[in-house]
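Below, each chain spelled out in residue letters.
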Number of protein chains: 2
Amino acid sequence: MNKPTNQSEFETPKVTTGPLPSSRKVYTNPKADPTLRVPRREIDLHPSANEPPVPVYDTSGPYSDPSVEIDVEKGLARERTAWVLERGNVEEYEGRDIKIEDNGGATGKHLAREFPTKHKPLRGVGDGPITQLEFARAGIITKEMIYIAERENMGRQEAVENAAETVAQGESFGAEIPEFITPEFVRDEIAKGRAVIPSNINHPELEPQIIGRNFLVKINANIGNSAVASSVEEEVEKMVWATRWGADNVMDLSTGRNIHNTREWILRNSPVPIGTVPIYQALEKVNGIAEDLTWEVYRDTLIEQCEQGVDYFTIHAGVRLAYIHLTVNRTCGIVSRGGSIMAKWMLTHHKESFLYTHFEEICDIMRKYDVTFSLGDGLRPGAVADANDRAQFAELETLGELTKIAWTKGCQVMIEGPGHVPMHKIKVNMTKQLKECGEAPFYTLGPLTTDIAPGYDHITSGIGAAMIGWYGTAMLCYVTPKEHLGLPDRDDVKVGVITYRLAAHAADLAKGHPAAQIRDDALSRARFEFRWEDQFNLALDPETARDFHDQTLPKDAHKVAHFCSMCGPKFCSMKITQDVRDYADTLSDNEKKALQLEAEQGMAQKSQEFVEKGGEIYLSESGEKREPID
Amino acid sequence: MNKPTNQSEFETPKVTTGPLPSSRKVYTNPKADPTLRVPRREIDLHPSANEPPVPVYDTSGPYSDPSVEIDVEKGLARERTAWVLERGNVEEYEGRDIKIEDNGGATGKHLAREFPTKHKPLRGVGDGPITQLEFARAGIITKEMIYIAERENMGRQEAVENAAETVAQGESFGAEIPEFITPEFVRDEIAKGRAVIPSNINHPELEPQIIGRNFLVKINANIGNSAVASSVEEEVEKMVWATRWGADNVMDLSTGRNIHNTREWILRNSPVPIGTVPIYQALEKVNGIAEDLTWEVYRDTLIEQCEQGVDYFTIHAGVRLAYIHLTVNRTCGIVSRGGSIMAKWMLTHHKESFLYTHFEEICDIMRKYDVTFSLGDGLRPGAVADANDRAQFAELETLGELTKIAWTKGCQVMIEGPGHVPMHKIKVNMTKQLKECGEAPFYTLGPLTTDIAPGYDHITSGIGAAMIGWYGTAMLCYVTPKEHLGLPDRDDVKVGVITYRLAAHAADLAKGHPAAQIRDDALSRARFEFRWEDQFNLALDPETARDFHDQTLPKDAHKVAHFCSMCGPKFCSMKITQDVRDYADTLSDNEKKALQLEAEQGMAQKSQEFVEKGGEIYLSESGEKREPID
């Protein structure tokens, strides 16, 4: 049951604001359109580092900018509306009336307060380009594309110049990440369907973002009230909280009452794309009885959410009647909620899914608002035993079919993926997705690489996420420690987000993203030089890093100590390096050469000689013993 | 500073005992030697499951067996002494006198209490076989080998018969895990040097265990007092605690005072192999001044630890003078404590490392007690920037050379590995280790796949650990959340162990270990059937799983509820499956065939047809529309 609220009891959501430690929000103006202000975070280092600030991709929106006044009652600035209007092919209109069932029948004190301002929705009209895909195909570079190119570069040019040898060392498995991202590159990737910019024309508050395997790997956090817990205020703060720690976008998976009003507060305050699973709300409108669902109820729900500004919809249109019996002998059957809702409907009516039969109509609706498809994997495996089975792959093939239809209709598409998959089956899954779905971006949950660690499924899945991110997944859907067991609280959301940020980053490194290693190197230098404050500040989670250090060495003096708790002050491995450097300085060129030769030849075949010659080393070139260099 | 203690203040270590939830300790008697009692854990399921208990590899020793009386003052039963004596080629002798410097000069109230019983040490004599490697080469199957074959099988025969289709689905990268482990297979792997049985003849308390890539992947936990924290009592309990959660063995990395006495308490109470880094204690004996180290001090320390019963030694003999300057331009220089101690010594004296020059003598000592080499990676990378560099690989090549010498001398060998390695460089590292070191078992720390997440390095490294375990690493050295920041406490040890257990298990699954998936499948069935108690009990960490469930649904009634907090009671995806099964029962064979055909053909190429035919589905074979099945 949602918490009962009425207009007076409802409090303004308290959200977390302010910069992260030692961080500044920086805005840059792209050359291609200097009127745009593209945010990034810069982490200042201690003066002794004598290094420039470290640029970091920033998902936190205005909440981390102390110069912006946050007023959740007003929502964020609606900057992007002007961009949409300027492009044309849209009209403002009255929009659909809010119905009592939009909030699950909640009335009176049970109804969550409405967002104070009502904005009239926009929709596309005519055959001219409306979606980012249509603009891209028409050769038009939108402001969103310019913004994204600047954002993805993160000062990459300077960074790459400063760290040339770390560039492009990865194994990309066919991804083609350029050294610098240009607006034209963004346009081209969008036109090819290899990337998406989820950006409903009615969500002008968002900071545009791209999802595609030739860009930084993105992560998603799920929030949402459920039938057993949570309130509107909590959900808004969860969104702010998740993006503060690095969630690139957020899915609102609310069920129960007040879905409409909760979502409005989230959208009006969200700097990141918001996704939903519209069938969840549709189900509430028919009192949770799957067989009572109709295409009309679903269609109306789509329009409701399009007008509010939801940026992408999970639609389980690939769950077809013909595939359901393929799940009969599975260990875990159907575990997707959307998939099972549709299975239930199809079985009851003995009809093909209306999501499949009405797919083109769905495309027509979503195109008008530029809502991106996230084609759901309703038959994803819920156990490693079911991974990559015929049910899963049959659905994936259908998703490929539907992708092509959506593209024909001008819609942007990404594809959702598993689930539970042991490590050796992950690559197969990724490769098949790329093939079947024409390289449309893959958006995967985990995958979880084993079933035996409930309570630690952020880790079982973080392993799979890092790997599939490396292999080519464009966005990773986070998993919290509470997966399979309960609803995540604030701490769980943070742990889930940080885990997935590190997995995405590990993938960026392994793919050879030209700018990825900059932060690792800065942190490692800080570590090596005992700049503890810089280590904390460069960490994905500065608070936890500092707290852990405090637990062993709580004093402020230890934050400048040239030792740590592992070895203690007496002998420190890191301190040896100055000795090594001093030593290297004493070597003549000939000595260095001799050592180099020794090191390069390798010792693999020398065992025999060694044994024969009694363990003495440093033979002269003639094979005679000589003294070690000194 | 260690906590001051004197004989009267010193308390008997309190250790954690008792079975894990719903678990029983079971002993089986191998056919090849029915006098042996080989432990495993069996997890009983709810009667409604109608399933046999799930067998689990058990590292916890007698502590989890309520029928064994635990007395830390006496230590565990010394069962294996009889096996060693029966084989012969050993003698009991007086052993070395304990010196004041063995405990870092601690005296009076600063000296930790001695373990009450003093056992005379054994040592090998003559040229007959002493080590497991020598017995294996001589074609002799030891009791340890029989024990291990039974232990690794974990009731595999029945298990494999019950789940035939899950067998050997993995990608093994050249590992050759048989369906059933025989004593002869164990002998053969030992003889080839592809596996080790760390088992000092003076540590008869241990339950024999094998480390090799054709067996279950093992994990290691590090404990040890340090110069800034901890006491004897805590260290004994840490060992018990770590093995309770699944640590296959434990390294005692103590520094500071009381090293000797602390280790004695640990060894006499440890059912798992104990490893050390002898140079740490040697350094304490020369007051922490690396340049004051001598071969004599080191040699004496080796003998001291051999007599106590340490099962494997990390020896950084691959850090050669010629390689030190290769670390000069590294981002993180030398991060191994042992490596840097030796580097300091070599630079001061401008001499080759005494570990390298005296390597054969070290072999002769270790052979007499069957102490296994763990050839240390003193030049491992401490930053992703330094991964797989020339310094690291030069050392690895030398470790290959030393492996062959140790083998010639009859010693068992494993090889330590990195460190910090981004994902795309892990396979290269593993492949090179196998090649250079003649398939000697690899024992890796992590590797950490990114540097940017201090506080979460159990996860950055868990990713690398799962992958390298899959690729062929035989044992994974755990990393706790405190890595780089502080000393792990009890909770950190547990999180580290569970993380590495799940990583090792993910690797076993991916390698295609024939019995690995049994536990996953049992847990997934429990999940599917809402047997909450079984889910908790089958989890790697039942306590945390239950606690997380309680946080959302605290009532006892919810432990039998056929719903969870994610979807709530109204609609549950899992409940749909009974409908699916009912539906499948109604289908005629012809209908199933038609559906099957539909599903198998795949929809990938049908997009064109679909668009042309207006979105109608279920065409008859002649291409005409027909109604969906109903």
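A word on the overall build of chain A
Here comes step 1: Scanning chain A from N- to C-terminus turns up 23 helices and 15 strands.
Here comes step 2: For chain A, restricting intrachain contacts to residue pairs at least 6 apart in sequence, the fraction spanning at least 24 positions comes to 75%.
Here comes step 3: Total accessible area computed for chain A in this model is approximately 20,700 Å², and 49% of it derives from carbon and sulfur atoms.

Considerations on the sheet that holds strand β14 (residues 442–445) of chain B
Here comes step 1: Spatially, eight strands are ordered β8-β9-β10-β11-β12-β13-β14-β15 (chain B) in a closed barrel, and the strand pairing comes out parallel. Across this sheet, the average inter-strand angle for adjacent strands is 25°, counted without regard to direction.

Comments concerning the pattern of salt bridges
Residue and element names in this part refer to chain B.
Here comes step 1: Tallying each qualifying case throughout the model produces 105 salt bridges over all chains.
Here comes step 2: In this structure, glutamate 264 and arginine 268 form a salt bridge, with 2.9 Å as the shortest nitrogen-oxygen distance. A residue pair is termed a helical-turn pair when its members lie 3 or 4 positions apart in one helix, as glutamate 264 and arginine 268 do in helix α7 (residues 259–268) at four residues.
Here comes step 3: Residue classification places glutamate 264 among the buried positions, given a relative accessible area of 13%.
Here comes step 4: With relative accessibility at 4%, the residue arginine 268 sits in the buried group.

Section: the confidence of the model for chain A
All names here are of chain A.
Here comes step 1: When pLDDT is averaged across chain A, the result is 88; 87% of the residues are at 70 or more.
Here comes step 2: For residues 1–9, every residue scores under 50 in pLDDT, and the model assigns this stretch 28 contacts once sequence neighbours within four places are set aside.
Here comes step 3: Here residues 164–168 scores under 50 on pLDDT; set against residues more than four positions off or in separate chains, the count is seven contacts.
Here comes step 4: Per the prediction output, this complex has pTM 0.92; the corresponding ipTM is 0.91.

Notes on helix α3 (residues 143–153) of chain A
Here comes step 1: In terms of burial, α3 of chain A is a largely internal element, ten of the eleven residues being buried.
Here comes step 2: Trailing α3 of chain A by a residue or two, methionine 154 of chain A shows a phi angle of about 45°, which is positive.

Observations concerning the packing of helix α21 (residues 576–586) of chain A against helix α11 (residues 337–349) of chain B
Here comes step 1: Relative to each other, α21 of chain A and α11 of chain B sit at 35°, their axes nearing to 10 Å. α21 of chain A and α11 of chain B meet at a crossing whose hand is left-handed. Between α21 of chain A and α11 of chain B, the residues in contact are Ile576, Asp579, Val580 and Tyr583 of chain A and Ser340, Ala343, Lys344 and Leu347 of chain B, respectively.
Here comes step 2: The residue inventory of the contact of α21 of chain A with α11 of chain B, partitioned by class, reads five nonpolar, one polar and two charged.

Brief notes about the sheet that holds strand β2 (residues 38–43) of chain A
Residues and elements named next belong to chain A.
Here comes step 1: Read from one edge to the other, the open sheet built from three strands follows the order β1-β2-β3, with strand pairing classed as antiparallel. Sheet topology places β1 (23–28) and β3 (54–56) at the edges, where each strand pairs with a single neighbour. Averaged over neighbouring strand pairs, the angle between their axes works out to 40° when direction is ignored.
Here comes step 2: Sheet analysis places β1 next to β2, joined by six bridges and oriented antiparallel. Its bridge partner lying in β2, valine 26 is registered against arginine 40.
Here comes step 3: Lying over the sheet, α3 contacts β1 and β2, oriented at roughly 10° with respect to β2.
Here comes step 4: Contacts from helix α18 (residues 517–528) reach β2 and β3 within the one sheet, and its direction differs from that of β3 by about 135°.

What to know about the nonpolar core
Here comes step 1: With 266 residues, the main nonpolar core has Tyr298, Phe373 and Met423 of chain A together with Tyr298, Phe373 and Met423 of chain B as its most contacted residues.
Here comes step 2: Ignoring anything within four residues of it in the chain, the contact list for phenylalanine 373 of chain B reads Phe313, Ile315, Phe359, Ile362, Cys363, Met366, Ala406, Cys411, Gln412, Val413 and Met414 of chain B.

Digging into the pairing of strand β13 (residues 413–417) of chain B
All names here are of chain B.
Here comes step 1: When you tally the buried positions in β13, you get five out of five residues, the bulk of the element.
Here comes step 2: Judged by which residues are buried, β13 turns out to be covered on both faces: Val413, Ile415 and Gly417 on one side and Met414 and Glu416 on the other are all buried.
Here comes step 3: Pairing geometry for strand β12 (residues 372–375) and β13, over three bridges, is parallel. If you follow phenylalanine 373 over to β13, its bridge partner there is valine 413.
Here comes step 4: Viewed along the sheet, the connection from β12 through helix α14 (residues 390–408) into β13 turns out right-handed.

What about the packing of aromatic side chains?
Here comes step 1: Counted by the stated rule, this structure contains 26 aromatic pairs over all chains.
Here comes step 2: When the ring of tryptophan 295 of chain A is compared with that of tyrosine 298 of chain A, the centres are 6.4 Å apart and the planes differ by 35°; the resulting orientation is tilted. With tryptophan 295 of chain A and tyrosine 298 of chain A both in helix α9 (residues 295–308), this residue pair falls three residues apart, about one helical turn. Each member of the pair tryptophan 295 of chain A and tyrosine 298 of chain A is classed as buried.
Here comes step 3: Seen in terms of ring centroids, tryptophan 345 of chain B and phenylalanine 354 of chain B are 5.0 Å apart; in terms of plane orientation they differ by 90°. Their pairing is edge-to-face. No difference in accessibility class separates tryptophan 345 of chain B from phenylalanine 354 of chain B, as the two residues are buried.

Describing helix α20 (residues 542–552) of chain B
Here comes step 1: By the burial criterion, the buried members of α20 of chain B are Pro542, Thr544, Ala545, Phe548, His549 and Thr552 of chain B.
Here comes step 2: For α20 of chain B, the elements touching its buried residues are α17 (490–511) and α19 (532–538) of chain B.

A word on the environment of threonine 449 of chain B
Here comes step 1: Topologically, threonine 449 of chain B is positioned in the loop between β14 and α16 (457–471).
Here comes step 2: Look past the residues within four positions of threonine 449 of chain B in its chain and what remains in contact with it is Ala506 and Leu509 of chain A together with Val384, Val421, Pro422, Met423, Ile426, Thr460, Ile463 and Gly464 of chain B.
Here comes step 3: A distance of 2.9 Å separates a polar side-chain atom of threonine 449 of chain B from the backbone oxygen of threonine 460 of chain B.

Some remarks on unusual backbone geometry
Here comes step 1: In the segment running from proline 418 of chain A into glycine 419 of chain A, the intervening peptide bond is cis, with an omega of 15°.
Here comes step 2: One can find glycine 419 of chain A in the loop between β13 (413–417) and α15 (426–436).
Here comes step 3: Between glycine 446 of chain A and the following residue, proline 447 of chain A, the backbone shows a cis peptide bond with an omega angle of 5°.
Here comes step 4: Take proline 447 of chain A: it is sitting in the loop between β14 (442–445) and α16 (457–471).
Here comes step 5: For glutamate 439 of chain B, which is not glycine, the phi torsion reads 70° and is therefore positive.
Here comes step 6: Note on glutamate 439 of chain B: relative accessible area 27%, which makes it partly exposed.

Quick word on the packing of helix α8 (residues 278–285) of chain B against helix α9 (residues 295–308) of chain B
Residue and element names in this part refer to chain B.
Here comes step 1: Packing of α8 against α9 leaves a shortest axis separation of 9 Å and a crossing angle of 125°. Between α8 and α9, the crossing angle belongs to the class labelled oblique. Handedness of the α8/α9 crossing: right-handed. Residue-level inspection shows Pro278, Ile279, Gln281, Ala282 and Lys285 of α8 in contact with α9, the latter providing Val297, Tyr298, Asp300, Thr301, Leu302, Glu304 and Gln305.
Here comes step 2: The residue inventory of the contact of α8 with α9, partitioned by class, reads six nonpolar, three polar and three charged.

Some remarks on the side chain of arginine 519 of chain B
Here comes step 1: Topologically, arginine 519 of chain B is positioned in helix α18 (residues 517–528).
Here comes step 2: This buried residue, arginine 519 of chain B, is left without a salt bridge; aspartate 520 of chain B holds the nearest opposite charge, at 7.4 Å.
Here comes step 3: Apart from residues lying up to four places away in sequence, arginine 519 of chain B is in contact with Ile452 of chain A together with Arg41, Ile43, Val54, Val56, Leu538, Ala539 and Leu540 of chain B.

Notes on the environment of lysine 559 of chain B
Residue and element names in this part refer to chain B.
Here comes step 1: Mapped onto the secondary structure, lysine 559 falls in the loop between α20 and α21 (576–586).
Here comes step 2: Accessibility expressed as a relative area gives 5% for lysine 559, which makes it buried.
Here comes step 3: Distance from lysine 559 to arginine 531, taken between C-alpha atoms, is 7.7 Å for residues 28 residues apart in sequence.

Section: the environment of glutamate 401 of chain B
Residue and element names in this part refer to chain B.
Here comes step 1: Structurally, glutamate 401 is set in helix α14.
Here comes step 2: On the accessibility criterion, glutamate 401 (1% relative accessible area) is buried.
Here comes step 3: Considered as a pair, glutamate 401 and arginine 581 are 180 residues apart in the sequence and their alpha carbons are 61 Å apart.

Section: the state of the cysteines
Here comes step 1: In this structure the tally under the stated criterion is zero disulfides over all chains.
Here comes step 2: There is no disulfide at cysteine 306 of chain A, and the cysteine sulfur nearest it, in cysteine 411 of chain A, is 9.6 Å away.
Here comes step 3: You can see cysteine 411 of chain B has no disulfide; the closest cysteine sulfur is in cysteine 363 of chain B, sitting 4.8 Å from it.

Reading guide: rules and limits
Sequence order as written defines residue numbering, which begins from 1 separately in each chain. Written order decides the labels, with chains lettered from A and ligands numbered from 1. Under the rules for a predicted model, residues below a pLDDT of 70 receive no local features and side-chain atom pairs below 80 are neither given nor counted, while totals for whole chains, interfaces and linings still include all residues. To get the side-chain values, all heavy atoms of the structure are used, and hydrogens and water are removed first. Each helix is a run of H or I in the DSSP string that is no shorter than four residues. Each strand is a run of E no shorter than two, and both are numbered from the N terminus. Any two residues having at least one pair of non-hydrogen atoms within 4.5 Å are treated as being in contact. Note on areas: Shrake-Rupley with a 1.4 Å probe; residue coverage comes only from the protein chains shown. Paired strands, as defined in this entry, are two strands with at least two bridges between them according to DSSP. Think of each axis as a best-fit line through the C-alpha atoms, taken over the contacting stretch in the case of a helix, with angles from 0 to 180 degrees between the N-to-C directions. Salt bridges are identified by distance alone: a Lys or Arg side-chain nitrogen within 4 Å of an Asp or Glu carboxyl oxygen. Only protein chains enter the area calculation, which uses a 1.4 Å probe; residues under 20% of their type maximum are buried, those over 50% are exposed, and those in between are partly exposed. The pLDDT value expresses, per residue, how confident the predictor is, ranging between 0 and 100. Take the far helix as your reference; a near helix turned counterclockwise from it by less than a right angle gives a left-handed crossing, and one turned clockwise gives a right-handed crossing. Amino acids outside the nonpolar list (Ala, Val, Leu, Ile, Met, Phe, Trp, Tyr, Cys, Pro) and the charged list (Asp, Glu, Lys, Arg) are all regarded as polar, and Gly is one of them. Among the buried residues, those of types Ala, Val, Leu, Ile, Met, Phe, Trp, Tyr and Cys that are joined through side-chain atoms within 4.5 Å form a nonpolar core. Whether a crossover is right-handed comes down to one check: with the strands pointing away from the viewer, does the path from the first strand over the helix to the second run clockwise; if it does, it is right-handed. For this analysis, a ring pair means two rings from Phe, Tyr or Trp (six-membered ring only for Trp) whose centres lie within 6.5 Å, classed as stacked if their planes differ by under 30 degrees, edge-to-face if by over 60, and tilted for the remaining angles. In protein, a polar contact requires one atom able to donate a hydrogen and another able to accept it; more generally it is a pair of N or O atoms within 3.5 Å, and residues adjacent in sequence count only if both atoms are side-chain atoms. Oblique is the label for any angle not covered by the other classes, which are roughly parallel (under 35 degrees), roughly antiparallel (over 145) and roughly perpendicular (65 to 115). When charges are counted, Lys and Arg are positive and Asp and Glu negative, with His and the chain ends excluded. Any two cysteine sulfur atoms lying within 2.5 Å of each other are counted as a disulfide.

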